[in-house]
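Each chain, letter by letter, is given below.
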Amino acid sequence: MDEPKKYQTDSGQNLLPESFFLDEDVVGHARRLLGKVMVTNIDGHICRARIVETEAYRAPDDQACHAANNRRTPRTEVMFARGGHAYVYLCYGIHHLFNVVTGPEGMAHAVLIRGVEPLDNTAVMLERRQFTQLKPQLTAGPGVLAKAMGITTRLSGVFMPAVDAPVWLEDDGYLLKKNDIRIGTRVGIASAGNDAFRPWRFSISGNRWVSPRLGEGETSW
DNA sequence: CGTCCGATGAACT
DNA sequence: GTTCATCGGACGT
């Protein structure tokens, strides 16, 4: 096995390479992104947070995916780009939701990041949320974590393995055992029919920075 | 152009 | 438990 290609970032840590994102297993990507680190560089503020909760969305068959049936619109077009791009969209007119596009070009797969644990530059994250104390409400949920990290729809389309991207992903060596991963159904997609019950939500078991909402058909999480 | 509504979060009762 | 803010995208006219 060749060593995976590594890139230097300003932290000296390992940028996830393009190859990480290109296989066709988006559910696997959702699992493998648990424990990885997302980083933003917005207006010179570099913030880091560990990914603790994800969901997979898989066109064309998954009816919960914005690109279901390979529907191409100006908004979903970036989902058809090759893996490693960022897909950010506005939800309820208020919340910016951050996704990692995966798969080869033409395959509209994405992983929604639903919860992160703040690591670096938490002061800026607190300021963006108008919080004074570190607590799960700061970043446990896709809308609030985007706000804390300074992510908006302006970042949609960014290719994250590129040098000098404003948002990227790193592997800092954090290890996760199989039993550390909790699996559930995805949140807020009741209109997706049977696909609402796919077990495509993943989290780090017991982690307090996981969002509190229940998936479809669930009575506890 | 008009209408409907959403991969949410927060503030209520 | 419920309500609702707020607006771009998607689609039909």
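Refer to the structure presented above.
Since this is a predicted model, take the numbers as computed values, not measurements.

Definitions and cut-offs
- Residues numbered from 1 in each chain as written.
- Chains lettered and ligands numbered in written order.
- Predicted model: local features only at pLDDT ≥ 70, side-chain atom pairs only at ≥ 80, totals over all residues.
- Heavy atoms only, no water.
- Near = heavy atom within 4 Å.
- Polar contact = N/O pair within 3.5 Å; in protein donor to acceptor, adjacent residues only side chain to side chain.
- Nonpolar A, V, L, I, M, F, W, Y, C, P; charged D, E, K, R; others polar.
- Helix = DSSP H or I, 4+ residues; strand = E, 2+ residues; numbered from the N terminus.
- Buried < 20%, exposed > 50% of the residue type's maximum accessible area, 1.4 Å probe, protein only.
- Contact = heavy atoms within 4.5 Å.
- Pairing = 2+ DSSP bridges.
- Phe/Tyr/Trp six-rings, centres within 6.5 Å; stacked < 30°, edge-to-face > 60°.
- Lys NZ or Arg CZ within 6 Å of the ring centre and 35° of its normal.

1. Some thoughts on the protein's contact with DNA strand B
Contacts to DNA strand B come from 20 residues, most closely from His-66, Tyr-89, His-95, Asn-99 and Gly-143. Backbone atoms, meaning sugar and phosphate, make up 51% of the atoms of DNA strand B lying within 4 Å of the protein. At a separation of 2.6 Å, a base oxygen of DNA strand B approaches a polar side-chain atom of His-95. Measuring from a phosphate oxygen of DNA strand B, one finds a backbone N or O atom of Val-144 at 3.2 Å.

2. Some remarks on the protein's contact with DNA strand C
Near DNA strand C the following residues occur: Arg-71, Thr-73, Pro-74, Arg-75, Thr-76, Leu-90, Tyr-92, Gly-93 and Ile-94. A breakdown of the atoms of DNA strand C within 4 Å of the protein gives sugar and phosphate a share of 74%. Within the side chain of Thr-73, one N or O atom sits 2.4 Å away from a phosphate oxygen of DNA strand C. Tyr-92 has a polar backbone atom sitting 2.3 Å from a base oxygen of DNA strand C. When grouped by side-chain class, the residues that make up the surface near DNA strand C number four nonpolar, three polar and two charged.

3. Details of the side chain of Glu-55
Here Glu-55 lies in strand 3 (residues 45-58). Glu-55 sits in the buried class, given a relative accessible area of 0%. Side-chain polar atoms of Glu-55 contact the side chain of Tyr-57, separated by 2.6 Å.

4. Side note on helix 3 (residues 142-149)
Of all eight residues that make up helix 3, six are buried, and the element is covered over most of its length. Within the span of helix 3, buried status applies to Pro-142, Gly-143, Leu-145, Ala-146, Ala-148 and Met-149. Those residues of helix 3 hidden inside the fold are in contact with strand 2 (37-42), strand 3, strand 5 (95-102), strand 6 (109-120) and helix 2 (122-129). Once helix 3 finishes, Gly-150 follows within two positions and takes phi at roughly 80°, a positive value.

5. Describing unusual backbone geometry
Each neighbour pair has its own omega, and for Ala-59 with Pro-60 the value is 5°, a cis peptide bond. Tracing the backbone shows Pro-60 in the loop between strand 3 and strand 4 (86-91). Even without being glycine, Tyr-92 reaches a positive phi, approximately 55°. By the element assignment, Tyr-92 lies in the loop between strand 4 and strand 5. In this structure Tyr-92 comes out as exposed when scored by relative accessible area, which is 72%. The phi angle at Gln-130 is positive, at roughly 60°, despite the residue not being glycine. One can find Gln-130 in the loop between helix 2 and helix 3. Residue class for Gln-130 comes out exposed when judged on its relative accessible area of 65%.

6. Side note on the pairing of strand 5
Across the eight residues of strand 5, six count as buried, placing the element largely inside the fold. Looking at chain direction, strand 4 and strand 5 are connected through six bridges and run antiparallel. What sits directly across from Tyr-87, in strand 5, is Asn-99. Remark: three residues form the turn of the hairpin made by strand 4 and strand 5, two consecutive strands paired antiparallel; Tyr-92 in that turn has positive phi of roughly 55°. As paired elements, strand 5 and strand 6 share four bridges and run antiparallel to each other. In the sheet register, Val-101 faces strand 6, and the bridge partner there is Ala-110. Linking two consecutive strands that pair antiparallel, namely strand 5 and strand 6, is a turn of six residues; a positive phi of about 90° is found at Gly-103 within it.

7. Brief notes about the packing of aromatic side chains
Counted by the stated rule, this structure contains two aromatic pairs. For the pair Phe-20 and Phe-21, a centre-to-centre distance of 5.2 Å together with 75° between the ring planes defines the contact as edge-to-face. Taking relative accessible area as the criterion, Phe-20 reaches 11% and is therefore assigned buried. Ring plane angle 25° and centroid distance 5.6 Å describe the contact between Tyr-87 and Tyr-89, whose orientation is recorded as stacked. Taking the relative accessible area as the measure of exposure, Tyr-87 reaches 1% and is therefore buried. Its relative accessible area of 13% is what places Tyr-89 among the buried residues. Its guanidinium or amino end placed over the ring of Phe-80, Arg-72 lies 4.0 Å from that ring's centre, counting from NZ or CZ. In this arrangement the basic side chain of Arg-186 is found over the ring face of Tyr-57, its NZ or CZ atom lying 4.7 Å from the centre.

Limitation: the analysis is restricted to geometry and does not speak to function.
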